[in-house]
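Observations on the model geometry
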Amino acid sequence: MRVITQKTVGDASVLEVADVATPVAGPGEVLVKVGAAGVNPVDTYIRGGGFPALGEPPFTLGWDVAGTVEQAGEGFAAGDEVYGLLDFPGTGGGYAEYAVLKATSLVKRPSWLTLEQAGATPMVALTAWQALGRGGVSAGQRVLVHAAAGGVGHVAVQIAKARGAYVIGTASAAKHDFLRSLGVDEVIDYRHQDFTEIEPVDVVLDTVGGEYAERSAGVLKPGGVLVSIIPGNPGFDVDRASALGIRFELVLSVVASGADLAALPQLKVQIDHAVPLAEAAKAHELVESGRTTGKVVLVP
Ligand SMILES: NC(=O)c1ccc[n+]([C@@H]2O[C@H](COP(=O)([O-])OP(=O)(O)OC[C@H]3O[C@@H](n4cnc5c(N)ncnc54)[C@H](OP(=O)(O)O)[C@@H]3O)[C@@H](O)[C@H]2O)c1
């Protein structure tokens, strides 16, 4: 089968096509013929050598997979349309024509997700689901989501709305109509507006990092929660958080759970670009631009 591999860490040009043996599913696992594989910012960090602990080249990146079950087993029939997440951390293996997933991390693809949307969904939706859960987002709360038009942000705003929250999202002005179409109640053009001037909120989801954690703390109500998903972020000073009467939560590792995927509300997953597998380098460059709306997927 064809996969994307890399012999060394480096820029997107290190990604290349290779022919390897098709993997075999072991006990508790399912072999999936990949129809779409999501590309996440963390893939680009690992490709570049930012997380040597997760694996040394050669490896195949990619955690998000949607496709069809190749062989029956573990409660799935051959031909079932499925989607799920490969084990994280590690380096994944979804940029390939076939991938082996744990049966417990895989669910049937719901009719409201196309193949490409399903391939784009697992990591961002599980990240958003688990982060909003950590923040305890519930009906009537005010929730601020940063980079609300990004991969994580655009599903986070929908999950928060489904929980009955009042949702405020930051994005550049050209993306505000998109945010409103997702149900966002209040939009902030972060390039021209200071987000700290909004009325206090119960939860902030920080998907940007750096000074955003510190500044976001200032918009929380006493007892509020600041949830950050930024790897490499030094994080927020926990003592300072408790002095402010807020809680700081760092959610870095996504736990693959079919139960969580099955519990997701009906999401509108935006595909910024669907790129042929062989053009994985182009897909990485798009994600590294930091300007995409929704998700980039690879299509074998
Ligand atoms: N993908 C995941 O599942 C996951 C999991 C854990 C952690 N993370 C981390 O979370 C971060 C976001 O991930 P992602 O997948 O959502 O990224 P992404 O899709 O690449 O984010 C792109 C979006 O970020 C927006 N943006 C950039 N700077 C902004 C700012 N200062 N304020 C508001 N919006 C801004 C851009 O909108 P404009 O063009 O309008 O600026 C663009 O729409 C990354 O650092 C990633 O490593 C991601």
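The model shown is predicted, which means the values in this text are computed figures rather than measured ones.

1. Focus on the domain arrangement of the protein chain
Domain boundaries in the protein chain define domain 1 (2-121 + 269-299) and domain 2 (124-250). Each side of the interface is counted separately: domain 1 has 13 residues, and domain 2 has 13 residues. The junction of domain 1 with domain 2 conceals about 930 Å² of combined surface from both sides, 58% of it contributed by carbon and sulfur atoms. Taken together, domain 1 and domain 2 are joined by eight residue pairs in polar contact (both at pLDDT 80 or more). Each residue belonging to the side of domain 1 that touches domain 2 can be placed in one class, and the counts come to five nonpolar, six polar and two charged.

2. A look at the nonpolar core
Grouped together as the largest cluster of nonpolar side chains are 78 residues, with contacts concentrated most on Trp-63, Tyr-83, Val-145, Leu-179, Leu-205, Leu-264 and Leu-298. When residues of this core are assigned to domains, at least three fall in each of domain 1 (2-121 + 269-299) and domain 2 (124-250). Residues within four places of Leu-264 in sequence aside, it is in contact with Tyr-83, Trp-112, Thr-121, Ala-125, Trp-129 and Ile-159. In terms of nonpolar packing, the next biggest core, distinct from the first, is built from 17 residues, Ile-168, Tyr-212, Leu-220 and Ile-246 among them.

3. A short note on the site of the ligand
Around the ligand, the surrounding shell holds 27 residues, and the nearest of these are Gly-151, Ser-172, Lys-175, Tyr-190 and Thr-292. At 2.7 Å, a backbone N or O of Gly-151 approaches an oxygen atom of the ligand. In isolation the ligand offers 910 Å² of accessible surface; the protein chains occlude 89% of this area. Structurally, the ligand is housed in the largest pocket. The greatest single-element share of the shell around the ligand, amounting to three residues, is contributed by helix H3 (residues 122-135). In terms of residue class, the shell around the ligand is made up of 14 nonpolar, ten polar and three charged. Mapping the shell around the ligand onto the domain boundaries places at least three of its residues in each of domain 1 (2-121 + 269-299) and domain 2 (124-250).

4. Here we look at H3
For H3, spanning 14 residues, the distance from its first C-alpha to its last is 20 Å, which sits close to the expected 20 Å at 1.5 Å a residue. Burial analysis of H3 places twelve of its 14 residues in the buried class, which makes it a mostly covered element. The set of residues buried in H3 consists of Pro-122, Met-123, Val-124, Ala-125, Leu-126, Thr-127, Ala-128, Trp-129, Gln-130, Ala-131, Leu-132 and Gly-135. Positive backbone phi, approximately 65 degrees, marks Gly-136, located one or two places after H3.

5. Focus: the pattern of salt bridges
With the rule as written, the count across this model stands at 14 salt bridges. Across the pair Arg-47 and Glu-288 runs a salt bridge, and its minimum N-O distance is 2.9 Å. In this pair, Arg-47 sits in helix H1 (residues 41-47) while Glu-288 sits in helix H9 (residues 280-288), placing the two residues 241 residues apart along the sequence. Exposure remark for Glu-288: the relative accessible area of 41% places this residue in the partly exposed category. As a salt-bridge pair, Glu-249 and Arg-134 come within 2.9 Å of each other at their nearest N and O atoms. Taken as a pair, Glu-249 in strand E13 (residues 247-250) and Arg-134 in helix H3 lie far apart in primary sequence, 115 residues in all. Through salt bridges with shared partners, a single network forms among Arg-134, Arg-247 and Glu-249.

About the cut-offs
- Residues numbered from 1 in each chain as written.
- Predicted model: local features only at pLDDT ≥ 70, side-chain atom pairs only at ≥ 80, totals over all residues.
- Heavy atoms only, no water.
- Domains from an automatic or database assignment.
- Contact = heavy atoms within 4.5 Å.
- Buried area = accessible area lost by both parts, 1.4 Å probe.
- Polar contact = N/O pair within 3.5 Å; in protein donor to acceptor, adjacent residues only side chain to side chain.
- Nonpolar A, V, L, I, M, F, W, Y, C, P; charged D, E, K, R; others polar.
- Core = buried A, V, L, I, M, F, W, Y, C linked by side-chain atoms within 4.5 Å.
- Buried < 20%, exposed > 50% of the residue type's maximum accessible area, 1.4 Å probe, protein only.
- Near = heavy atom within 4 Å.
- Areas by Shrake-Rupley, 256 points an atom, 1.4 Å probe, with all protein chains shown as cover.
- 1 Å grid on protein atoms, 1.4 Å probe; cavity = no way out; pocket = protein on both sides within 12 Å on 5 of 7 lines; lining within 4 Å.
- Sits in = over half its atoms within 2 Å of the grid points.
- Helix = DSSP H or I, 4+ residues; strand = E, 2+ residues; numbered from the N terminus.
- Expected span 1.5 Å × (residues − 1).
- Salt bridge = Lys/Arg side-chain N within 4 Å of Asp/Glu carboxyl O.

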